[in-house]
Amino acid sequence: MAERTVLVTGGTGGLGGAVTAAFLKAGWRVVVPERERGATAPAPSGPVRVTADLLEPAGAAHAVAAATAEPAAPLRAVVNLVGGYASGGPVHETPVEEFDRMLRINLRPTYLVTQAALPHLVAAGGGAVVCVSARAAVTPFPGAAGYVTAKAAVLAFANAVAVEYRQHGIRCNTVLPSVIDTPANRAAQPDADHQRWVPPAEIAEVIRFLASDDSAPTSGASIPVYGRA
């Protein structure tokens, strides 16, 4: 039986599936919120799935409640993967609604889930939060000001959590992917050199390490996972 729980948002996506598998393999109890699918009992070797809208405070609280429902496996880590990407034109041609949408889907779930989980991590004596920003947060490219700003905000938020909660034994680190080798990205960029992209399983192992006691001295780090992209 698992002795610790990780809450993985976005756990059904291209990266999320690999992250979920990595934690299950390492013996964690894994809770995966989903927006539309009904709650199901965990399979013998699978994640606990729960319906929750992570864009709303009540949904984030519900997901955290599921993650803290097993006293024998206290919540010890939160992995924030929920987000999205949209390209567009330059800033003067980008509607503010699109800019706001990038902030909403990339930053709001990370904030709400982390906010709801922190009291439980404090009560448990510590734990880890891992956020996913992007290479674009530190090396912007044109035509995606909303996405770039949102991912930079995720990075800044993670650093704030690392500072505010370090005395409680809570670490917060961020990974910065470039292009992840997922079926969706291959379909969107069929002519790219896919061999330069990073497989989700490799990034998942970095995330699992940052959530584990093996990375105990590390907090407030921004980890590039670019591969050769």
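To be clear, the structure that these remarks concern was listed above.
Residues numbered from 1 in each chain as written. Predicted model: local features only at pLDDT ≥ 70, side-chain atom pairs only at ≥ 80, totals over all residues. Heavy atoms only, no water.

Draft legend 1. Structural context of the sheet that holds strand E4 (residues 75–80). Read across the sheet, seven strands follow the order E3-E2-E1-E4-E5-E6-E7 without closing on themselves; strand pairing throughout is parallel. The strands lining the two open edges of the sheet, one partner per strand, are strand E3 (48–51) and strand E7 (222–225). Neighbour-to-neighbour, the strand axes of the sheet open up by a mean angle of 20°, direction not taken into account. Across four bridges, strand E6 (residues 170–177) lies against E7 in parallel orientation. Paired with leucine 176 across the strands is proline 224, a residue of E7. (Pairing = 2+ DSSP bridges. Helix = DSSP H or I, 4+ residues; strand = E, 2+ residues; numbered from the N terminus. Axes fitted to C-alpha atoms, helices over the stretch in contact; angles between N-to-C directions.)

Draft legend 2. Structural detail: the pairing of strand E1 (residues 5–9). The element E1 is largely enclosed, with a buried count of five among its five residues. Of the two faces of E1, the one holding Thr5, Leu7 and Thr9 and the one holding Val6 and Val8 are both buried throughout. Where the polypeptide runs from E1 across helix H1 (residues 14–25) and back to strand E2 (residues 29–34), its parallel neighbour, the crossover connection is right-handed. Taken together, the five bridges between E1 and E4 define a ladder with parallel strand orientation. Across the sheet, residue threonine 9 finds its bridge partner in E4, namely asparagine 80. (Buried < 20%, exposed > 50% of the residue type's maximum accessible area, 1.4 Å probe, protein only. Right-handed = clockwise from strand over helix to strand, strands pointing away.)

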